[in-house]
Amino acid sequence: MTLAPSRRRALLVALSTGLLAAGASAQQWPTKPIHFVVPFSAGGANDLMGRAAADGVSTALGQPVVVDNKPGAGAMLGTDVVAKSAPDGYTFLISAAGVVSNSMIRKVPYKDSDLVPVAMIGLAPSVIVAPANSPYKDLNDFVNKSKQGQGLHFATAGTGSTPHFVEGLLEKNYGAKLDVVPYKSGSESITAVLSGQVDATSEASIVVLPYIKAGKLKALATTWTQRISAYPELPTAVELGFKDIRIAHWAGVHAPAGTPPAILDRMAEAVDKAMKDPATVQRLKGMGIEPIGGTRASFVKFVDEERDRLGAVVKATGMKEE
């Protein structure tokens, strides 16, 4: 159907007015407090990184940033809240690996496309640990000993958790013989290692470093690509010959799909600025967290690569919710 010239002009005016209004709204944003939804309990790596970002973003944008902890259902509860929020730039998710992997292994109440990546905050490198009195010298020794007899017990924080992916990579790519012992949380799995109920687990640096430095846990390797700033003497799994063991407890910012791109860009810039603040860098690195920041495009690339990489592990291991 061909529109009359007057109808075409009216439509163009309406579209232009709408775009100008949206642009003006994005320029004025934010005019009220912003909410960061953390889908985990307070005190963990994701929560601490989210709060550090919130402080910096609040300073950069001149509005309070309220941190709302909404734990439950493997991070799906808080994620669902954000996925179904208005895309107006006032509700964001402090995301983790589950935003990528949950839909691969369990039914989720939202679509992956309901959320868009905004910014990388930072990561807490995972550390493979064993009881302090264990006989394993390093990760190579642990894997070799697991191949003897009935194998070894490896604790996880549940199906699809970061430790579960570490276990899957060790088994499928390096022949480790490991019996998974799932717990409800990383703190429970660490307790199991401390008490000798299991042979090893993998947990965030911020959780295990105090135990390692106190001589209560033995560190076998860190699973990120670089050594931990707060514990540089610990080699990476890659350095020890495990080139595919590359995983960390990361935190980023996701927004409801449909949030204006100009707002997403401003949020990404604010997070990047926060992660480059010297005081924030010193505070996070002292806890074993590596601040990252970067552009919106770099975080989109990271999330896409994680989806492909973790998806391959899920497929190879048959990982699924019990």
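Note: the structure precedes this text.
Procedures and definitions
Residues numbered from 1 in each chain as written. Predicted model: local features only at pLDDT ≥ 70, side-chain atom pairs only at ≥ 80, totals over all residues. Heavy atoms only, no water. Helix = DSSP H or I, 4+ residues; strand = E, 2+ residues; numbered from the N terminus. Buried < 20%, exposed > 50% of the residue type's maximum accessible area, 1.4 Å probe, protein only. Contact = heavy atoms within 4.5 Å. Areas by Shrake-Rupley, 256 points an atom, 1.4 Å probe, with all protein chains shown as cover. Lys, Arg positive; Asp, Glu negative; His and termini not counted. Charge placed at Lys NZ, Arg CZ, Asp CG, Glu CD. Polar contact = N/O pair within 3.5 Å; in protein donor to acceptor, adjacent residues only side chain to side chain. Phe/Tyr/Trp six-rings, centres within 6.5 Å; stacked < 30°, edge-to-face > 60°. Salt bridge = Lys/Arg side-chain N within 4 Å of Asp/Glu carboxyl O. Core = buried A, V, L, I, M, F, W, Y, C linked by side-chain atoms within 4.5 Å. Axes fitted to C-alpha atoms, helices over the stretch in contact; angles between N-to-C directions. Left-handed = near helix turned anticlockwise from the far one by under 90°. Nonpolar A, V, L, I, M, F, W, Y, C, P; charged D, E, K, R; others polar. 1 Å grid on protein atoms, 1.4 Å probe; cavity = no way out; pocket = protein on both sides within 12 Å on 5 of 7 lines; lining within 4 Å. Points joined across faces, edges and corners; volume = space filled by probe spheres on them.

A. Summary view of the overall build of the protein chain. A tally of regular secondary structure across the protein chain gives eleven helices and ten strands. Based on the C-alpha atoms only, the size of the protein chain along its principal axes is roughly 85 × 45 × 30 Å. In the protein chain, buried positions account for 49% of the 322 residues. A sequence separation of at least 24 residues applies to 77% of the contacts in the protein chain between residues at least 6 apart. Accessible surface computed for the protein chain: about 14,600 Å², of which carbon and sulfur atoms make up 55%. Charge-centre separation for the protein chain: the mean point of 33 positive side chains lies 4 Å from the mean point of 29 negative side chains.

B. Here's a closer look at the side chain of Thr222. Counting through the fold element by element, Thr222 comes out in strand 8 (residues 217-222). A polar contact of 3.1 Å, which involves the side chain of Thr222, links it to the backbone oxygen of Ser126. Not counting the four nearest positions on each side in its chain, Thr222 is found in contact with Pro125, Ser126, Val127, Ile228, Leu234, Pro235, Thr236 and Ala237.

C. A look at the packing of aromatic side chains. Across all of its chains, the model carries six aromatic pairs by this definition. For the ring pair Tyr174 and Phe242, a centre distance of 4.9 Å and an interplane angle of 70 degrees mean the geometry is edge-to-face. Placement of the pair is Tyr174 in helix 6 (residues 162-174) and Phe242 in the loop between strand 8 and strand 9 (248-256), with a sequence separation of 68 residues. Judged on exposure class, the residue Tyr174 and its partner Phe242 are both buried.

D. Representation of the pattern of salt bridges. One pass over the structure, following the stated rule, counts ten salt bridges. When the shortest N-O distance is used, the salt bridge between Asp141 and Lys145 registers 2.7 Å. Here Lys145 and Asp141 lie together in helix 5 (residues 139-146), a separation of four residues that amounts to about one turn. Lys145 sits in the partly exposed class, given a relative accessible area of 29%. Across the pair Glu239 and Arg227 runs a salt bridge whose closest N-O atoms are separated by 3.0 Å. With Glu239 in the loop between strand 8 and strand 9 and Arg227 in the loop between strand 8 and strand 9, the pair connects residues that are twelve residues apart, well separated along the chain.

E. Focus on the nonpolar core. Among the nonpolar cores identified, the biggest contains 46 residues, and Leu139, Phe142, Phe154, Leu170, Phe242 and Trp250 are the most heavily contacted of them. Looking at this core, the element that brings in the most residues is helix 11 (residues 296-317), giving six residues. Leu61, Val65, Val67 and Ala255 belong to the second-largest nonpolar core, a separate cluster that totals 35 residues.

F. Region of interest: the packing of helix 2 (residues 45-61) against helix 9 (residues 261-275). The interhelical angle for the contact between helix 2 and helix 9, taken along N-to-C directions, is 115 degrees, at an axis separation of 8 Å. Of the two possible hands of crossing, helix 2 and helix 9 adopt the one that is right-handed. Residues Ala52, Ala53, Gly56, Val57, Ala60 and Leu61 of helix 2 pack against Arg266, Met267, Ala270, Val271, Lys273, Ala274 and Met275 of helix 9. Of the residues in the contact of helix 2 with helix 9, the class split is ten nonpolar, one polar and two charged.

G. Representation of unusual backbone geometry. Following Trp29, the chain continues to Pro30 via a peptide bond in cis, the omega torsion being -5 degrees. When you line up the elements, Pro30 lands in the loop between helix 1 (5-28) and strand 1 (34-38). Backbone geometry at Ala73 places phi at a positive 55 degrees, although glycine is not the residue there. When you line up the elements, Ala73 lands in the loop between strand 2 (65-69) and helix 3 (76-83).

H. Quick peek at empty space enclosed by the protein. Scanning the model with the defined rule gives one cavity of 30 Å³ or more in all. One number sums up the size of the largest cavity: a volume of about 40 Å³. If you go around the largest cavity, the residues you meet are Pro39, Phe40, Ala75, Thr79, Leu93, Ser95, Ala96, Gly98 and Val99. If you list the elements that add at least two residues to the lining of the largest cavity, you get strand 3 (91-95) and helix 4 (98-105). When grouped by side-chain class, the residues that make up the lining of the largest cavity number six nonpolar, three polar and no charged.

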